[in-house]
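A look at the structure
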Amino acid sequence: MFSYYLRLSWLSLKRNPLLSSLMVGAIALGIGVSMTTLTLFYVMSSDPLPFKSDRVFAVQMDTWGPDEPANRKGGGSPPIQMTYRDAMALMESDIPTHQATMLHRGFAVRTEDEDVRLQRLSARATYNGFFPMFDVPFLYGGPWDDRADENADQVVILSRESNEKFFGGQNSVGNTIFLDSVPFRVVGVINSWQPTPVFYDLNNGAWSSTEDMFIPFQIPITWEYGAHGSTNCWKPEKLENYQDSLQSECVWVQHWVQLDSAEQREAFHAFMDGYANAQKEFGRFQRPLDNRTTNVMDWLEYMEVVGDDNRLLVVLSLMFLLICLLNTVGLMLAKFLNRAPLVGVRRALGASKRDVALQHGVEVMFIGLLGGLGGLVLSYLGLLAVRNWYTGYEYLARLNPEMIATAVALALGAAVIAGLYPTWHITRIQPAVHLKTQ
Amino acid sequence: MMEIKPILSTLLRNKTGAVLIALQIALTMAVVVNAVVVIQDRAETIAMPTGVDVDQLIMTRAFTFNDEQNARAVIDNDLAVLGALPGVQSVTKISTMPLSNSGSSSTFRASDADNAISLNLAYYQSDVHALSTLGLEITRGRWFRDDEVAYDTDGGYSPTMVVLSDFAADTMYPDEDPVGKFIYNSLGDAVEVIGTYDQLSKPWYGWGDFYSTAIFPMVDINAPLVLRVDSDQRDALIPMIDEALTEIDRERLVGNTRAHTDIVANTFERDVAMNRMLTVVMTLVVIITALGIVGLASFSVMQRRKQIGTRRAIGAQRFHILRYFLTENWMITTFGIVLGLGLTFALNSLLINEYNLPKLDPIMLPLAVLGLWAVGLLATIGPARNAAAVDPAIATRSI
Amino acid sequence: MLSMNSITKVYQAGVIETHALRSLSLEVEAGEFVAVTGPSGSGKTTFLNIAGLLEAPSSGTYILDGTDVSTMRDRARSKTRNEKIGFIFQGFNLIPDLNIFDNVDVPLRYRGWPGKERRERIDEALDLVGLSARKQHLPSQLSGGQQQRVAIARALAGNPKLLLADEPTGNLDSLMARQVMELLEEINAAGTTIIMVTHDPELARRAGRNVHLLDGQVSDFQPIEPPPAESDDAVAQVA
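Criteria and cut-off values
- Per chain, residues are indexed from 1 in the order of the written sequence.
- Lettering for chains starts from A, numbering for ligands starts from 1, and both go in the order in which the items are written.
- Per-residue local features of the predicted model are confined to residues with pLDDT of at least 70, and side-chain atom pairs are confined, for both listing and counting, to 80 or more; whole-chain, interface and lining totals are unaffected and use all residues.
- A run of H or I in DSSP becomes a helix once it reaches four residues, and a run of E becomes a strand once it reaches two; helices and strands are each numbered from the N terminus.
- It is over C-alpha atoms that the radius of gyration is taken, and the globule rule equals 2.2 Å times the number of residues to the power 0.38.
- Put simply, a residue is buried when 20 or more other C-beta atoms lie within 10 Å of its own C-beta and exposed when 12 or fewer do; between those, it is partly exposed, and each C-beta is set from the backbone.
- Residue pairs are scored as contacts if the distance between their C-beta atoms, which are placed from the backbone, is within 7 Å.
- Strand pairing is defined by DSSP finding a minimum of two bridges between the two strands.
- To get an axis, fit a line to the C-alpha atoms, keeping to the stretch in contact for a helix; angles then go from 0 to 180 degrees between the N-to-C directions.
- Under the scheme applied, nonpolar residues are Ala, Val, Leu, Ile, Met, Phe, Trp, Tyr, Cys and Pro; charged residues are Asp, Glu, Lys and Arg; polar residues are all the others, including Gly.
- Think of a nonpolar core as buried Ala, Val, Leu, Ile, Met, Phe, Trp, Tyr and Cys residues chained together by C-beta atoms that fall within 7 Å.
- Orientation is classified from the angle alone, with under 35 degrees giving roughly parallel, over 145 giving roughly antiparallel, 65 to 115 giving roughly perpendicular, and any other angle giving oblique.
- Crossings are classed by handedness, with left-handed meaning an anticlockwise turn of the near helix from the far one by less than a right angle and right-handed meaning a clockwise turn.
- For a helix, the expected span equals 1.5 Å multiplied by the residue count minus one.
- Each residue carries a pLDDT score, the predictor's confidence in it, ranging from 0 to 100.

This paragraph deals with the overall build of chain A. Looking only at helices and strands, chain A has 15 helices and 10 strands in total. Whereas a compact globule of 438 residues would reach a radius of gyration of roughly 22 Å, chain A reaches 30 Å, over 25% beyond that. For chain A, the proportion of its 438 residues judged to be buried stands at 46%. Relative to all contacts within chain A whose residues are 6 or more apart in sequence, the contacts with residues 24 or more apart total 78%.

Structure (structure tokens):
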């Protein structure tokens, strides 16, 4: 019977192609627009570190000045970055399973091939705990060892793309590249790795790509380099030289820890508070004790990574979908009622109300399915447009299987909701009324 | 119109279709008006003048890793080479540019008194050529001289003089001549105000006053280079600049040469994209609603063919039929608009609370009403004409 | 075959009650060909709707083929209608989107028969009305008489015990009308009970028995029917 109803639906669509395409088109547009914004929203609010995002924490310590809080989030909270000296103090702790202080900056890079022009590449200077903590997948080699961190060894880990660029994708472990003319030994190549958003450092945009290479944190420090990011200071300090900046109250590095249990987290907090209280003795940490560890998802929420614009677009596009639905309800109702005499004939020939409801239900689903497919195509185009309009959305604006399933489900759901009233209405008609007239 | 009453009673007897259309109109109104509020707000932001001739400027960079060089000599050579390129009017070495999203700011006080006015100034550091390259105008006092510019200073250097924007000067010295006054940084170092210029925006948008800026006479060897060029030569010059700078010293990292318009566009990219998306949604909403009206009106005509024929048979002219359907739709649209007014305000206040949306300008409402009336009318005209074309003879036919 | 006892039907429109049938009682034996006549508004159509299970009576009992159908729910009524009753309408009421074959197929679909059986049955029914060659045509491609024959094939396809015909020749010219009438007589001769509503005395005379309705009741008095001045369609269409 289902295939019979399907055939009837097809005939019914064919009977009034303009109206049918209007209905299918309305659903497709509604789905297309809302799926475009929902996909953006979904990817933006998805977990960039699945399976362990609740065990990895951003660290904040309130080192700010006594007069006002570092930022107004949540009625005043600690700075979102750390001072160099406090981050180094935390690195001394062996409580976290993994931890890493980090910063981002660019280097001029070339290989041993002198003819190749210098290229500016981005690097993350960090500790080796970064890689296991963030589940970074390696293609060749692996993280540098603890001694490399201590001695600021000239070792580098390349991204898959950099390795393609410099070494044609070969296993380049043991090769040399030059960062600002200084030779570095390649110790590892990571596989494609793109957490979206790049939660660990939101300074350069939440949707930017991960760095081209990774080097030990102490390299830029030894070279007396600053970070490319933001530096915020509250204290009037005379900063005569690089050592002054390292010892200053300016915040400019990020610090992340992995704490696997509540006890571990408690112990780490006790360590931080103990350190902060000791610093108070030296006149630092003048604000009330406020040291925080925030897990990845809460951090993204706190940093307001999903912008108001995206929420607004979701609200407006859902309203748009609602308009499209109302449109479809109206058209379906008109279409079904127009067909009332034929329904009367079918009833006379033995169709029960249930049969009539089924027939129209199948038609509704059919329209919904077509609309959903159209909507998928439209949302694909919509996301193409979005990728075109925003730089750095390459990793964001993509349809994935879940979103495709959501689109189809949404379309069917929308069609069912839109078809409910018209279907109910058509089953209620008195068959006898329509048999005399044509 | 005398027909309103009978139309109304017909509508009331067959209200589902009318209610659906009215709801669509109401939602459409709410979506469109609020989208326009956002679009206008963003458009105003995007159109904020930076104080420089954006179309004529190119920004580039040449990093050196050789700290043995004489900064002044390297910079002078760069300026000379770039200045000789065709279509280049002037070149300056400057720390950053308006809306390039990178730069520094610091709070300064108007005097060393405790209750002095303080202002957060975004500051530029440049050589003497910035004035002509950016196209700034000195409004009071003077611009600095070449021998007053500090080249390649170390971290501890503090400049001794500054040129302020009119906005900054007027804020810090509301009723006085700022020239010759001193501003103080947080460490208490005094910097003399030697002059003021008309307008120059901050390197970023947001966080305080857009025109609260200052220029210090100091230059870093790795600071960007900005060129003022003939606008018709601009795009052709960009690769030439890269080439010329690379030629000077192959050990330097040259790159990111971009027209200032691109840099500004990049800064407002999100706003531009948001406006595009909203425009798309808005247009589609209107189209969908219009098509919905067309569809339902066609149906209602189709269902009433016999009735229309009867009316025609008993003497109604085509014009009367046309008017009947247009009036009917106008009433539905108007009902939708009335609902829409409430919905628009409700959505607006929700968005104000949740997303810091600006309040809607009441002038938009009459415009929206007129627009929706027009959409309703245009959408009904086709079906209404079909109705008017119904053959009166249909009334007497049984099938 | 059919037994109606004190059937009443009251339509409620706002505060006004219309008594379409007042205590109608009627017995029809299996194999009979009954013509129901009566002036406009006498309740002919209401009687047919109730007999065909399209409407439920307000009160009274209706026993069809030994089963009390007056209190059945929608699904059982639809099933009974599908299995035991065939309809022929004045306006043919073919489904315009479906070809002849598919039109005849409609009641069989609701019966849930397998495809092979349905095809055989459809072919038989179309053979009977002499339209086997037109299976793939759409109703709009046929003449009125042919359309009515398709409608008859459709009504017969499910082997109904009772055939209800509502002015079956009302929209046809006299030649076609005669053909359709002859077809109905053949069907009746083959054993199917037919109840036909008409106001054409010519047709009524050819039926085995005439039942005259007046004011929603069976009238014993058989008037000499004047030819109808006006079709009672107009009245029906308002309904």
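The helix and strand tally for chain B stands at 11 helices and 13 strands. Relative to the 2.2 N^0.38 estimate, which gives 21 Å for 399 residues, the radius of gyration of chain B is 33 Å and therefore markedly larger than a compact globule would have. Along the longest, intermediate and shortest principal axes, the C-alpha atoms of chain B span 105 × 55 × 30 Å. A total of 399 residues make up chain B; the buried ones form 39% of that total. Intrachain contacts of chain B at a sequence separation of at least 6 include 83% that bridge at least 24 residues.

Residues and elements named next belong to chain C. Strand order across the open sheet formed by six strands is S6-S7-S8-S3-S9-S10, with mixed pairing between neighbours. Each of the sheet's edge strands pairs with one partner strand only, and the pair in question is strand S6 (85-88) and strand S10 (217-219). Each neighbouring strand pair of the sheet contributes to a mean axis angle of 25 degrees, computed without reference to strand direction. Where S6 meets strand S7 (residues 162-166), four bridges bridge the pair, whose relative direction is parallel. Across the sheet, Ile85 pairs through a bridge with Leu162, a residue of S7. Contacts between helix H5 (residues 144-157) and the sheet are confined to S6 and S7, with S6 contributing the most and set at about 170 degrees to the helix.

Another point: the interface of chain B and chain A. Every contact between the two is made by 40 residues of chain B and, on the other side, 39 residues of chain A. Top element by residues in the side of chain B that touches chain A is helix H8 (residues 269-303) of chain B. It accounts for 18 residues. Partitioned by chemical class, the residues of the side of chain B that touches chain A number 24 nonpolar, 13 polar and three charged.

It is worth spelling out the nonpolar core at this point. Formed by 163 residues in total, the largest nonpolar core has its most connected members in Ile27 and Phe320 of chain A, Met29, Val31 and Val281 of chain B together with Ala153 of chain C. Leaving out residues up to four positions away in the same chain, Val31 of chain B has contacts with Leu316, Met319 and Phe320 of chain A together with Met282 and Val285 of chain B.

Time to look at the packing of helix H4 (residues 115-128) of chain C against H5 of chain C. Residues and elements named next belong to chain C. The geometry of H4 relative to H5 is characterised by a closest axis approach of 9 Å and an angle of 135 degrees between their N-to-C directions. Relative to H5, the element H4 lies oblique. Two packed elements cross with a definite hand, and for H4 against H5 that hand is right-handed. Of H5, the residues touching H4 (which contributes Arg121, Ile122, Ala125, Leu126 and Leu128) are Ala153, Leu156 and Ala157. For the contact of H4 with H5, the residue count by class is seven nonpolar, no polar and one charged.

Residue and element names in this part refer to chain B. Reading across the sheet, the four strands line up as S2-S12-S1-S13 and stay open at both edges, with antiparallel pairing between neighbours. The strands lining the two open edges of the sheet, one partner per strand, are strand S2 (88-93) and strand S13 (253-259). Ignoring strand direction, the axes of neighbouring strands in this sheet form an average angle of 20 degrees. Two elements, strand S1 (residues 57-63) and S13, share five bridges in a ladder whose sense is antiparallel. Residue Ile58 lies in a different strand from S13, and its bridge partner there is Ala259. Lying on the sheet, helix H6 (residues 234-248) is in contact with S1, strand S12 (225-229) and S13; it crosses S13 at an angle near 170 degrees.

Residue and element names in this part refer to chain A. Closest axis-to-axis distance for the helix H13 (residues 353-389)/helix H14 (residues 401-427) pair is 7 Å, and the angle between their directions is 145 degrees. By crossing handedness, the relation of H13 to H14 is classed as right-handed. Residues belonging to the contact of H13 with H14 are distributed by class as follows: 16 nonpolar, 10 polar and one charged.

With that settled, the discussion passes to unusual backbone geometry. Of note, the amide linkage connecting Thr196 of chain A to Pro197 of chain A takes the cis form, showing an omega dihedral of -10 degrees. Considering the arrangement of structural elements, one finds Pro197 of chain A in the loop between strand S7 (182-190) and strand S8 (213-216). The phi angle at Ser23 of chain C is positive, at roughly 50 degrees, despite the residue not being glycine. Residue position: Ser23 of chain C is located in strand S2 (residues 16-28).

All names here are of chain A. Across three bridges, the pairing between strand S4 (residues 138-141) and S7 is antiparallel. The residue of S7 that forms the bridge with Tyr140 is Val189. The sheet contact formed by strand S5 (residues 155-158) and S7 spans four bridges and is parallel. Along S7, the bridge assignment pairs Leu158 with Val189. Pairing analysis gives four bridges linking strand S6 (residues 176-179) to S7, with the strands arranged antiparallel. Bridge pairing in S7 links Thr176 to Arg185.

It helps to recall that an α-helix has 3.6 residues per turn; residues three or four apart then point in one direction. Compared with an ideal rise of 1.5 Å per residue, which puts 28 residues at 40 Å, helix H2 (residues 17-44) of chain A spans 39 Å between its outermost C-alpha atoms and is within 8% of the ideal. Burial analysis of H2 of chain A places 22 of its 28 residues in the buried class, the great majority of the element.

Moving on to the environment of Asp260 of chain A. Residues and elements named next belong to chain A. In this fold, Asp260 is placed in the loop between strand S9 (254-258) and helix H9 (262-280). Distance in space between the C-alpha atoms of Asp260 and Val187 is 28 Å, their sequence separation being 73 residues. In this structure, Asp260 is in contact with Arg55 and Thr97, ignoring residues within four places of it in sequence.

Time to look at the pairing of S8 of chain A. If a strand is regular, its side chains alternate between the two faces of the sheet. Inspection of the sheet shows strand S3 (residues 119-126) of chain A paired to S8 of chain A by four bridges, in the parallel sense. Bridge pairing in S8 of chain A links Thr126 of chain A to Pro216 of chain A.

This part takes up the confidence of the model for chain B. Should pLDDT be low for a region, the predicted coordinates there are not to be read in detail. With 97% of its residues at a pLDDT of 70 or more, chain B shows a mean pLDDT of 88. Interface confidence in the predicted complex, given as ipTM, is 0.82; pTM for the same model is 0.79.

Turning our eyes to something else, we now look at the environment of Ser70 of chain C. Mapped onto the elements of the fold, Ser70 of chain C is located in the loop between strand S5 (67-68) and helix H2 (74-84). Separated by 12 residues in sequence, Ser70 of chain C and Ser58 of chain C have C-alpha atoms that sit 9.2 Å apart.

Inspection of the secondary structure assignment puts Tyr275 of chain A in helix H9. For the pair Tyr275 of chain A and Ile80 of chain A, spaced 195 residues apart in the sequence, the C-alpha separation amounts to 18 Å.

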